[in-house]
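Listed here are the chains, written in short residue letters.
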Amino acid sequence: MIVETLSVFPEMFEQVMATSILGRARKKGILDFRAHDLRDWTHDRHRSTDDEIYGGGAGLLMCCPPIFEAIDDITSTGPAPHVIFFTPTGQPFDQDMALELSGYERLVMVCGRYEGFDERVYTLADRCISLGDYVLTGGELAAMVVTDAVVRLLPGALGDENSAVEESFAEGLLEFPQYTRPASYRGMEVPEVLLSGNHGAIAQWRRRAAIEKTARLRPDMIDTAPLADEERAYADTIRADSD
Ligand code: ADE
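Sequence order as written defines residue numbering, which begins from 1 separately in each chain. Totals for whole chains, interfaces and linings use every residue, but because this is a predicted model, local features are given only for residues with pLDDT of at least 70 and side-chain atom pairs only at 80 or more, for both listing and counting. Only hydrogens and water are removed before side-chain values are computed, so all heavy atoms of the structure are retained for them.

Trainee: Lay out the overall build of the protein chain in plain terms, naming residues and giving numbers.
Mentor: Scanning the protein chain from N- to C-terminus turns up 8 helices and 9 strands. C-alpha atoms define the radius of gyration, and 2.2 Å times the number of residues to the power 0.38 defines the globule rule. Relative to a compact globule of 243 residues, whose C-alpha radius of gyration would be 18 Å, the protein chain shows 22 Å and is clearly more extended. Taken along its principal axes, the extent of the C-alpha atoms in the protein chain is 70 × 45 × 35 Å. Counting every position in the protein chain, which comprises 243 residues, the buried fraction comes to 40%. Residues count as neighbours in contact if any of their non-hydrogen atoms are within 4.5 Å of one another. Counting only contacts in the protein chain whose residues sit at least 6 apart along the sequence, the fraction spanning at least 24 positions is 71%. Secondary structure elements follow DSSP: runs of H or I of four or more residues count as helices, runs of E of two or more count as strands, with numbering from the N terminus. The buried label applies to any residue whose accessible area, calculated with a 1.4 Å probe on protein chains only, is under 20% of its type's maximum; exposed applies above 50%, and partly exposed to all values in between.

Below you can see the structure in the form of structure tokens.
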């Protein structure tokens, strides 16, 4: 997958894109990442990418010309990209969207700064994404979060192919609790069944524990989780107890 970012702080991406799973995905050729500097498409002495807001208002807005010219240039070669803008007014990002984005051959992510974008830039967007109901100082961190969540879903990006299947949200539930050595620590014991070697019993316990944890910590997820009738009844008793 090709991921490109367009931003006034391309250097912000260096460390994150060179570390751990993302760094390895690049070395393995699973991820081809490139951070473009929006200032390369400015024409004035100050290389400005922002301007005052028509009609008044505090702060500065990212203006159209550098962004339109950059997107024209970037998209003039290579596979047709899916162009993403980051803004708090976008679609909320979640695991389903990460999975959908992992199907594109090329993503171009436009990261704003200041008070946001001139509204006309959104005509370039295939999609606008929000990370959540809060305001970041810029879209770069959002682009890193989305790239991380998407790239780890690509075949070969994680060492163990199963780890993206069984984790939180993959089945509409939070992931079951997990433990490692020591079996007993400061009076806290690992559930006996997990030490039993009985794979059937372990799978059953994990399913139950995932339902219990989801009902307790994220009751909102239970309504849409694919549960058997008996499992839903169990989840409802947990929810009722936590109310
Ligand atoms: N830019 C500023 N705030 C943002 C948010 N919450 N999500 C995505 N991009 C942003």
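Trainee: Outline the pairing of strand 5 (residues 82–92), supporting the account with residue identities and numerical values.
Mentor: Where strand 5 and strand 6 (residues 106–111) come together, 5 bridges link them in parallel fashion. The residue of strand 6 that forms the bridge with I84 is M109. Look down the strands so they point away from you; if the path from the first strand over the helix to the second goes clockwise, the crossover is right-handed. Regarding the hand of the β-α-β motif, the stretch spanning strand 5, helix 4 (residues 95–101) and strand 6 is right-handed. Paired strands, in this sense, are two strands between which DSSP finds at least two bridges. Alignment of strand 5 against strand 7 (residues 127–130), held across 5 bridges, turns out to be parallel. By the bridge assignment, F85 is partnered in strand 7 with C128.

Trainee: Break down the side chain of R113 for me, citing the residues and quoting the values.
Mentor: Residue placement: R113 occurs in the loop between strand 6 and strand 7. Under the rule applied, a polar contact is a pair of N or O atoms within 3.5 Å (in protein, one hydrogen donor and one hydrogen acceptor; residues adjacent in sequence only if both atoms are side-chain atoms). One polar contact links the side chain of R113 to the main-chain carbonyl oxygen of T137, over a distance of 3.4 Å. In this structure the side chain of R113 is engaged in a polar contact, spanning 2.8 Å, whose partner is the side chain of E140. Not counting residues up to four positions away in its chain, the partners in contact with R113 are V8, F9, M12, M62, T137, G138 and E140.

Trainee: Give a detailed account of the layout of surface pockets, specifying residues and quantitative values.
Mentor: Looking at the largest pocket, its volume works out to about 390 Å³. Definitions used for this entry: grid spacing 1 Å over protein atoms alone; cavity, a set of points where a 1.4 Å probe fits but cannot get out; pocket, an open set with protein on both sides within 12 Å along at least 5 of 7 lines; lining residue, one with an atom within 4 Å of a point. In this structure, the largest pocket is lined by 24 residues; those nearest its centre are F86, T87, P88, G116 and V135. Of all the secondary-structure elements, those providing two or more residues to the lining of the largest pocket are strand 5 and strand 7. Looking at the lining of the largest pocket element by element, the count peaks at 4 residues for strand 5. Grouping the constituent residues of the lining of the largest pocket by class yields 12 nonpolar, 9 polar and 3 charged. Grid points are joined across faces, edges and corners, and a volume is the space filled by probe spheres set on the points. Here the second largest pocket is characterised by a volume of approximately 290 Å³. If you go around the second largest pocket, the residues you meet are F93, D94, Q95, D96, F169, A170, G172, R218, D220, M221, T224 and A225. Counting residues per element, the ones that place at least two in the lining of the second largest pocket are helix 4 and helix 7 (219–222). Throughout, the ten residues Ala, Val, Leu, Ile, Met, Phe, Trp, Tyr, Cys and Pro are labelled nonpolar, Asp, Glu, Lys and Arg are labelled charged, and all others, Gly among them, are labelled polar. Its residues assigned to classes, the lining of the second largest pocket shows 5 nonpolar, 3 polar and 4 charged. An automatic or database domain assignment supplies the residue ranges for each domain. Of the domains in this structure, domain 1 (2–151) and domain 2 (168–242) are the two that each give at least three residues to the lining of the second largest pocket.

Trainee: Before we move on, could you go through the domain arrangement of the protein chain and cite the residues and values that matter?
Mentor: Each assigned domain of the protein chain is listed here: domain 1 (2–151) and domain 2 (168–242). Here the C-alpha centroids of domain 1 and domain 2 sit 37 Å apart.

Trainee: Describe the site of the ligand, with residues and values.
Mentor: Residues are labelled near a given molecule or strand when at least one of their non-hydrogen atoms is within 4 Å of it. In the neighbourhood of the ligand, the contacting residues comprise F86, T87, P88, I129, S130, L131, G132, Y134, V135, L136 and A142. A distance of 3.3 Å separates a nitrogen atom of the ligand from a polar atom in the backbone of T87. Within the contact set of the ligand, a nitrogen atom lies 3.2 Å away from a backbone nitrogen or oxygen of G132. Only the protein chains shown count as cover for residues, and all accessible areas are computed by the Shrake-Rupley method using a 1.4 Å probe. Protein burial of the ligand: of its 260 Å² of free accessible surface, 95% is covered by the chains. Because more than half of its atoms lie within 2 Å of the grid, the ligand is assigned to the largest pocket. Of all the secondary-structure elements, those providing two or more residues to the shell around the ligand are strand 5 and strand 7. For the shell around the ligand, the element with the most residues is strand 5, which contributes 3 residues. Along the lines of polarity and charge, the residues of the shell around the ligand split into 8 nonpolar, 3 polar and no charged. Molecules are considered to sit inside a cavity or pocket once more than half of their atoms lie within 2 Å of its grid points.

Trainee: Go over the environment of R239, please, and point to the residues and values.
Mentor: Inspection of the secondary structure assignment puts R239 in helix 8 (residues 229–242). The spatial distance from the C-alpha of R239 to the C-alpha of T147 is 34 Å, given a sequence separation of 92 residues. When sequence neighbours within four positions are dropped, the list of residues in contact with R239 reads A215, P219, I222 and D223. At 2.9 Å, the side chain of R239 forms a polar contact with the backbone oxygen of P219.

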